[in-house]
Amino acid sequence: MKKYMEKSKKLKLIDKFWKLYRKIYKLPKLARIEACSICQLDCRDCYMRKNSNNNPIIGNGYLKFDDFKNFIKRNQYIKQIELSFSGEIFLNPDLLDIIKYAYTEGIILTAHNGVNFNNVSDEILEALVKYKFKGITISIDGTSNETYKRYRRNGNYDTVINNIKKLNNYKEKYNSIFPILTWQYIVFEHNKHEICNIDEIAKELNFARIYLKEAWNNEVKIHEITRFPLRILTNSKEIIKTFESINFGLCEQLWYSPQINWDGTLLGCCCSTHHNLNINVFKTGLKKALSSKKMKLMKNIITGKEHANDTIACNWCYLYKIKKEHNTFINPKKLRFN
Ligand SMILES: C[S@@+](CC[C@H](N)C(=O)[O-])C[C@H]1O[C@@H](n2cnc3c(N)ncnc32)[C@H](O)[C@@H]1O
Ligand code: SF4
Ligand code: SF4
């Protein structure tokens, strides 16, 4: 008992130290590292599957366990990692080791950018529960296979639902609420008639949130369908609290949760899929990469101190356009580091 108390005291002190370190150097608590840019599906408008299946900036690959481990050891102020980005995390052959290691090091893992959940082994499903993977957003754009596979080409609705049921069985076995599930439904003309079914199915499958997302081609205007595209289906304070930690804008990712590619290249934010910042976090360490020349330029652009140019993703981003038009650039003084 005494030994345990001493250990938890020591851990609290270490935590305090890194908190102070983050505050002094204005460093993030979260990072986004792509677990796998490869995908087995062929969704019609996916920027990764267009142009002969090759996005030269992101490339095809996955986060290696050794890189993940070294990243955690080297950047100990990072406490949470978002793994999903441009592909399907469950195709990463090192994922089991990554999940286990994160758990032993007290690192929170999430996949809120999205997963298609078509191919998940029983071993991984169990590990997600056993090692308390915090939250997953599952992309399901339909409530029947016929509708679902019109966008999610090569995918199967029934397989996804079956995987969710298996995951729920493990949650029961381990008496755990993790991973907390969000249902993301991209609204297209071909699937909007099935939105009315989601609530019932979501409750049956133990989803905590429903998120109706506007498609990149904006073919259906969400505000014309609903005033509440994001809905929380639970009263659990613990669950609601877990969502708060990721509740900030996309541009704020530059400060709060920078996006890193699977090979360590710094991208900046998750909208920066066609430009990188010419520095490798796995080689330099995150702190150095975050104060590199191009990263500083990207931050200056979005705080309105410099103009965008064609080497930086903001130049083409709708959010930059809006910020410029309405002069609503980020105010660095309002950023908080804890
Ligand atoms: C490139 S995907 C990668 C993650 C995962 N494979 C998935 O599909 O959820 C990144 C995010 O874009 C979403 N997405 C895909 N096609 C989209 C579209 N046409 N409009 C809006 N979001 C889309 C995905 O659902 C996911 O949330
Ligand atoms: S499942 Fe995700 S990554 Fe895969 S093709 Fe579809 S949108 Fe792209
Ligand atoms: S404006 Fe720039 S920083 Fe903001 S989301 Fe777009 S690319 Fe990222």
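Residues numbered from 1 in each chain as written. Chains lettered and ligands numbered in written order. Predicted model: local features only at pLDDT ≥ 70, side-chain atom pairs only at ≥ 80, totals over all residues. Heavy atoms only, no water.

1. Side note on the overall build of the protein
(1) Moving on: Looking only at helices and strands, the protein has 15 helices and 9 strands in total.
(2) Moving on: Expected size for 338 residues packed as a compact globule is a radius of gyration near 20 Å; at 20 Å, the protein falls within 12% of this value.
(3) Moving on: Based on the C-alpha atoms only, the size of the protein along its principal axes is roughly 60 × 50 × 35 Å.
(4) Moving on: Within the span of the protein, comprising 338 residues, buried residues form 52% of the whole.
(5) Moving on: Restricting the contact set of the protein to residue pairs at least 6 apart, pairs at least 24 apart contribute 71%.
(6) Moving on: Just so you have it, the protein exposes about 17700 Å², and 50% of that area is on carbon and sulfur atoms.
(7) Moving on: Each charge class in the protein can be summarised by its mean position, and for the 56 positive and 34 negative side chains these summaries are 11 Å apart. (Helix = DSSP H or I, 4+ residues; strand = E, 2+ residues; numbered from the N terminus. Rg over C-alpha atoms; globule rule 2.2 N^0.38 Å. Buried < 20%, exposed > 50% of the residue type's maximum accessible area, 1.4 Å probe, protein only. Contact = heavy atoms within 4.5 Å. Areas by Shrake-Rupley, 256 points an atom, 1.4 Å probe, with all protein chains shown as cover. Lys, Arg positive; Asp, Glu negative; His and termini not counted. Charge placed at Lys NZ, Arg CZ, Asp CG, Glu CD.)

2. Here's the deal with the packing of helix 4 (residues 95-104) against helix 5 (residues 122-130)
(1) Moving on: Put simply, helix 4 and helix 5 touch, their axes get as near as 10 Å, and they point 10 degrees apart. In terms of axis orientation, helix 4 runs roughly parallel to helix 5. Here helix 4 runs over helix 5; the crossing is left-handed. Contacts from Leu95, Leu96, Ile99 and Tyr103 of helix 4 reach helix 5 at Glu123, Ile124, Ala127, Leu128 and Lys130. (Axes fitted to C-alpha atoms, helices over the stretch in contact; angles between N-to-C directions. Parallel < 35°, antiparallel > 145°, perpendicular 65-115°, else oblique. Left-handed = near helix turned anticlockwise from the far one by under 90°.)

3. Focus on the site of ligand 2
(1) Moving on: The immediate surroundings of ligand 2 are formed by Cys39, Leu41, Cys43, Cys46, Arg49, Ser86, Gly87, Asn116 and Arg152.
(2) Moving on: In terms of residue class, the shell around ligand 2 is made up of 4 nonpolar, 3 polar and 2 charged. (Near = heavy atom within 4 Å. Nonpolar A, V, L, I, M, F, W, Y, C, P; charged D, E, K, R; others polar.)

4. Comments concerning unusual backbone geometry
Most peptide bonds adopt trans geometry, and most residues besides glycine take a negative phi value.
(1) Moving on: A cis geometry characterises the amide bond from Phe178 onward to Pro179, with omega recorded as -5 degrees.
(2) Moving on: Relative to the helices and strands, Pro179 resides in the loop between helix 7 (157-173) and strand 5 (180-187).
(3) Moving on: Even without glycine at this site, Phe117 takes up a positive phi of about 65 degrees.
(4) Moving on: Here Phe117 is to be found in the loop between strand 3 (108-115) and helix 5.

5. Thoughts on the site of ligand 3
(1) Moving on: Inspection of the region around ligand 3 gives Leu250, Cys251, Cys269, Cys271, Ile302, Ala313, Cys314, Cys317, Leu319 and Tyr320 as its neighbouring residues.
(2) Moving on: In this structure, ligand 3 is accommodated by the largest cavity.
(3) Moving on: Of the residues contributing to the shell around ligand 3, the split by class is 10 nonpolar, no polar and no charged. (1 Å grid on protein atoms, 1.4 Å probe; cavity = no way out; pocket = protein on both sides within 12 Å on 5 of 7 lines; lining within 4 Å. Sits in = over half its atoms within 2 Å of the grid points.)

6. Describing the layout of surface pockets
(1) Moving on: Its boundaries defined by the atoms lining it, the second largest pocket holds a volume of some 1100 Å³.
(2) Moving on: Lining of the second largest pocket is provided by 34 residues; of these, Arg22, Lys29, Lys79, Gln80 and Ile108 occupy positions nearest its centre.
(3) Moving on: Of all the secondary-structure elements, those providing two or more residues to the lining of the second largest pocket are helix 1 (2-25), helix 3 (65-74) and helix 10 (237-244).
(4) Moving on: For the lining of the second largest pocket, a count of residues per class yields 14 nonpolar, 7 polar and 13 charged. (Points joined across faces, edges and corners; volume = space filled by probe spheres on them.)

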